[in-house]
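Residues per chain are reported as follows:
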Number of protein chains: 4
Amino acid sequence: MLNKVLIDEMKERVFSANLALPEAGLVKLTWGNVSEIDREAGVIVIKPSGVPYSTMEACHMVVTDLDGEVLEAGLKPSSDLATHVQLYKAFKEINAVVHTHSKHAVMWAQSGREIPAYGTTHADTFYGVVPCTRQLTSEEVASAYELETGKVIVEAFSEKSIDPLAVPGVLVYGHGPFTWGETPQKAVENSIVLDEIAEMACVTEIVNDRIQPIPQYLLDKHFFRKHGTNAYYGQT
Amino acid sequence: MLNKVLIDEMKERVFSANLALPEAGLVKLTWGNVSEIDREAGVIVIKPSGVPYSTMEACHMVVTDLDGEVLEAGLKPSSDLATHVQLYKAFKEINAVVHTHSKHAVMWAQSGREIPAYGTTHADTFYGVVPCTRQLTSEEVASAYELETGKVIVEAFSEKSIDPLAVPGVLVYGHGPFTWGETPQKAVENSIVLDEIAEMACVTEIVNDRIQPIPQYLLDKHFFRKHGTNAYYGQT
Amino acid sequence: MLNKVLIDEMKERVFSANLALPEAGLVKLTWGNVSEIDREAGVIVIKPSGVPYSTMEACHMVVTDLDGEVLEAGLKPSSDLATHVQLYKAFKEINAVVHTHSKHAVMWAQSGREIPAYGTTHADTFYGVVPCTRQLTSEEVASAYELETGKVIVEAFSEKSIDPLAVPGVLVYGHGPFTWGETPQKAVENSIVLDEIAEMACVTEIVNDRIQPIPQYLLDKHFFRKHGTNAYYGQT
Amino acid sequence: MLNKVLIDEMKERVFSANLALPEAGLVKLTWGNVSEIDREAGVIVIKPSGVPYSTMEACHMVVTDLDGEVLEAGLKPSSDLATHVQLYKAFKEINAVVHTHSKHAVMWAQSGREIPAYGTTHADTFYGVVPCTRQLTSEEVASAYELETGKVIVEAFSEKSIDPLAVPGVLVYGHGPFTWGETPQKAVENSIVLDEIAEMACVTEIVNDRIQPIPQYLLDKHFFRKHGTNAYYGQT
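About the criteria used
Residues numbered from 1 in each chain as written. Chains lettered and ligands numbered in written order. Predicted model: local features only at pLDDT ≥ 70, side-chain atom pairs only at ≥ 80, totals over all residues. Heavy atoms only, no water. Contact = heavy atoms within 4.5 Å. Buried area = accessible area lost by both parts, 1.4 Å probe. Salt bridge = Lys/Arg side-chain N within 4 Å of Asp/Glu carboxyl O. Phe/Tyr/Trp six-rings, centres within 6.5 Å; stacked < 30°, edge-to-face > 60°. Helix = DSSP H or I, 4+ residues; strand = E, 2+ residues; numbered from the N terminus. Buried < 20%, exposed > 50% of the residue type's maximum accessible area, 1.4 Å probe, protein only. UniProt positions renumbered as here; feature names shortened; annotations may be inferred. Least-squares fit on C-alpha atoms with pLDDT ≥ 70 in both. Pairing = 2+ DSSP bridges.

A. Region of interest: the interface of chain C and chain B. Contacts between the two partners involve 30 residues from chain C, matched on the other side by 33 residues from chain B. Together, the buried faces of chain C and chain B total about 2,900 Å²; carbon and sulfur atoms form 57% of this surface. Area buried by chain C at its contact with chain B is led by Val207, Tyr217 and Gln235 of chain C, which between them contribute 22% of it. The interface formed by chain C and chain B contains five salt bridges.

And the structure:
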């Protein structure tokens, strides 16, 4: 049986994180969705599909099991649910996923290019390039589009041996960004950073078309200043 | 005789949709106009010409017949009325038209290029390229400029066999965008999307100058995920 | 003797127009100034120099004669006053001048290029290219910089036989835009339009690097739809 | 013993200046920090590390001595403190330092290029190019990263014989901008100007790819119109 207190707290967090997307300018109309997983409780909570942010309430959030099967009568879940489920299955240590069509991340996703690490703003959050998936095949799109989208993300990370905790986001070719994190709020912050570094990277190349990524030692310094056991940024 | 209740409801919807344009950042000063048609009642309701948004009221909306002849004493209709009328005559299933000078759509209109479908944000609303009309001739501009603007839009759709319900917007060469939809609100949303994908497409080409449009199967998938009998996006 | 009622009304209009600049996003910090002239009364009212918008009041506006000599004890006038005076002397039918460092107009001014008329948004307000002055010489800068800035603007219009009423704005090479109009409000609107078309023109060239200005007949159509005895835009 | 009244006033100023950064759109999340020095009192006051702006209070500001040693129990100082300390040691006449990851300044920092003086908006605040430091070496990053960041800034100014009072800001290669000034408020204003001229410079080069910096005499005129004994901008 579902733990109502736990579920209600998840709904509140997921609801707040969804609202944070248009507030941060990452989402127009109904584009974008946030989910959270509780692996022990066996539930995922996600935004309902196509509901305007202005009328959305915490109680509208949809509860599913770990395979994405809806557990409560009510609204339909986000159509991107199956992508979230795949990410949760493959990336065991993440607790929240965000999808947006934020402008600058989409521009890179549409260009089919990974985002190089051109500076410390990038390195503070993403430990190396933000990968871009390969294009989905006709068969993948026809069979189970959203599930296959999740699989192609996982493939991009495993092929390039990228740790999803060190690079908490990705561009889906021709589509847009997904990010993740320990909490819905953290996953939203990663979406904010991803869009910002996408914009910065584009203009960096315009200002200097021969620019190279920052050296590995600077990438290391900034990432590990904020992450891991030797982090010294922020309060303890 | 005019049905006052029906007309007043149309005026409210058209008024709200006009206000939504500056709120969405699509319109500066008095640029932009929205209209709605009721073919059975034989009326079009449209924004008055050159009235500031800050002092505009629902009762200022102008009522015309299906040929654009004003039916009530009051303010002059938008100078673009004749374009709206042409679109209503040619596109029998649309109920609302929006014209703006929104920045990014104008940039493409001024460049004389159609907008390629570079991603799923595009495909979710526009099923293929957003066409750009040919340039109006000197004779067309001199004779009946706004009416000819409507005709050249219709020509662009018929020449390329584009369905105006599948591609609910257009760029007029050297001028700017028109969009349409089932309701004024939907037509405004299509203007929001059009400006967003115009901006995304421009930078997509900057980030990767050899990028190609997304494949037809992905265009199909995203458009029909949201439109038609097999749509599964949103609530039912 | 000064007509206090008339002066106070001018101060109110000039004050409001100055406030409208940061509200429209055209001005940061204390950059920008608006003035109004009353030729019959023999006075110019202009923003004081370097006063923050947040603490500025209508009574702070500075009153000068037609040569820019201050007529009331109080704050110092904008350091650009001498430029305004030159424009009023040369362009007899204008009643207000605006100077800003609005982003996109400055970009063009810094590039040293006139803005081509790439579309009807441009043509609705500016009947042809927005000229860019030549660079001031070392001697001109050393002798009477602000006055010479006014002269080089006037030179740009007379050399190219441009009517300042038909093209109510200019770019000063390496500096930024000045606009003017019948009223302070109208001059501010022209600054808003100038910045918008500057941005549009830049990206138009990026989207299509071989784009040409719109033909003369379309320029004529749009400008005279809004200006002159045959104008039919707006209410009468 | 610390002068509590003086310290509290410094905390208020530093707190206000920190809040001004997100208000000006220069800072997202917790990126950015402001400090103030009182050399006579022997104290530096700086933002705490990684504290969200929404919950930050004046009393959270951290007090250190002139070597950056914390003098009061409480929160940890900004991780960039050592950079601020180096700047205060080398630039004897500055009283406040600001660091941000503001978008356009970062784009130039990531491109590794100094910002040329393309116009008077630049010249009003920065008397010549805004320099970009060399890249830090692996050894510098490994040993004392933030301290070495300060040193490389000082090196950039001394190598090119740039006066830090005439050019109150810098780009750190691959990282972002630092600015300074007589007061925290002035240092923040310099950050606002730096981001604005960075954006303007980028597009100036796009509009005209052969553009040259403004001549020295115009740079002189604008800078000394606002600074030094012959300044005549603003009220006295």
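B. Representation of the packing of aromatic side chains in the model. Under the defined criterion, the tally for this structure stands at 24 aromatic pairs over all chains. Their ring planes at 50 degrees and their centres at 5.2 Å tell us that Phe91 of chain B and Trp180 of chain B sit as a pair that is tilted. In this pair, Phe91 of chain B is assigned in the loop between α2 (81-90) and β4 (96-99) and Trp180 of chain B in strand β6 (residues 176-181), connecting sequence segments 89 residues apart. Pairwise contacts between aromatic rings join Phe91, Phe157 and Trp180 of chain A into one cluster.

C. Spotlight on the pattern of salt bridges. In the structure shown here, the tally under the stated rule is 56 salt bridges over all chains. As a salt-bridge pair, Glu196 of chain A and Lys103 of chain D come within 3.9 Å of each other at their nearest N and O atoms. Taken together, the positions of Glu196 of chain A in helix α6 (residues 184-207) and Lys103 of chain D in helix α3 (residues 103-111) put the pair across two chains. The class for Glu196 of chain A is buried, based on a relative accessible area of 5%. Among the residues examined, Lys103 of chain D registers a relative accessible area of 21% and is labelled partly exposed. One salt bridge in this structure joins Lys4 of chain D and Asp8 of chain D, with 2.6 Å as the shortest N-O distance. With Lys4 of chain D and Asp8 of chain D both in helix α1 (residues 4-23) and four residues apart, this pair spans about one turn of that helix. For Asp8 of chain D, a relative accessible area of 31% translates into the label partly exposed.

D. Local environment of the UniProt feature "domain: Class II aldolase/adducin N-terminal" (unreviewed entry) in chain A. Those residues carrying the UniProt feature "domain: Class II aldolase/adducin N-terminal" (unreviewed entry) are residues 12-202 of chain A in this numbering. Taken as a whole, residues 12-202 of chain A contains 40% helix and 14% strand, while its terminal C-alpha atoms sit 36 Å from one another.

E. The arrangement of unusual backbone geometry in detail. Phi at Leu29 of chain B is positive, roughly 50 degrees, even though this residue is not glycine. Counting through the fold element by element, Leu29 of chain B comes out in the loop between α1 (4-23) and β1 (33-38).

F. Representation of the relation of the copies chain A and chain B. Rotating chain A by 90 degrees and moving it 0.0 Å along the rotation axis overlays it on chain B with an RMSD of 0.0 Å. The symmetry that links the two subunits is that of a four-fold axis. When C-alpha distances to the rotation axis are compared across chain A, the minimum falls at Ile206 of chain A, with a value of 6.1 Å. Comparing contact sets, just 3% of the residues at the interface of chain A also lie at the interface in chain B, consistent with a heterologous contact between different surfaces.

G. Summary view of helix α2 (residues 81-90) of chain C. Residues and elements named next belong to chain C. Of all ten residues in α2, seven are buried, a share of seventy percent or more. Every buried residue belonging to α2 is among Leu81, Thr83, His84, Val85, Gln86, Leu87 and Tyr88, and all of these are buried. The elements touched by buried residues of α2 are β1 (33-38), β2 (43-46), β3 (62-64), β4 (96-99), α5 (138-159) and β6 (176-181).

H. Geometry of the pairing of strand β2 (residues 43-46) of chain A. All names here are of chain A. Across the two faces of β2 the burial is the same, with Val43 and Val45 and Ile44 and Ile46 all buried. One ladder, built from four bridges, connects strand β1 (residues 33-38) with β2; its direction is antiparallel. Residue pairing across strands places Ser35 opposite Ile46, the latter belonging to β2. Counting the residues that bridge the hairpin from β1 to β2 gives four residues, and of these Gly42 lies at a positive phi of roughly 75 degrees. As defined by bridge partners, β2 adjoins strand β3 (residues 62-64) across three bridges and the pair is classed as antiparallel. Each bridged residue has a counterpart across the sheet, and for Ile44 the counterpart in β3 is Thr64.

I. Local environment of the relation of the copies chain C and chain B. The transformation that overlays chain C on chain B combines an axial shift of 0.0 Å with a rotation of 90 degrees, and the residual RMSD is 0.0 Å. An overlap of only 3% is found between the interface residues of chain C and their copies at the interface of chain B, pointing to separate contact surfaces.

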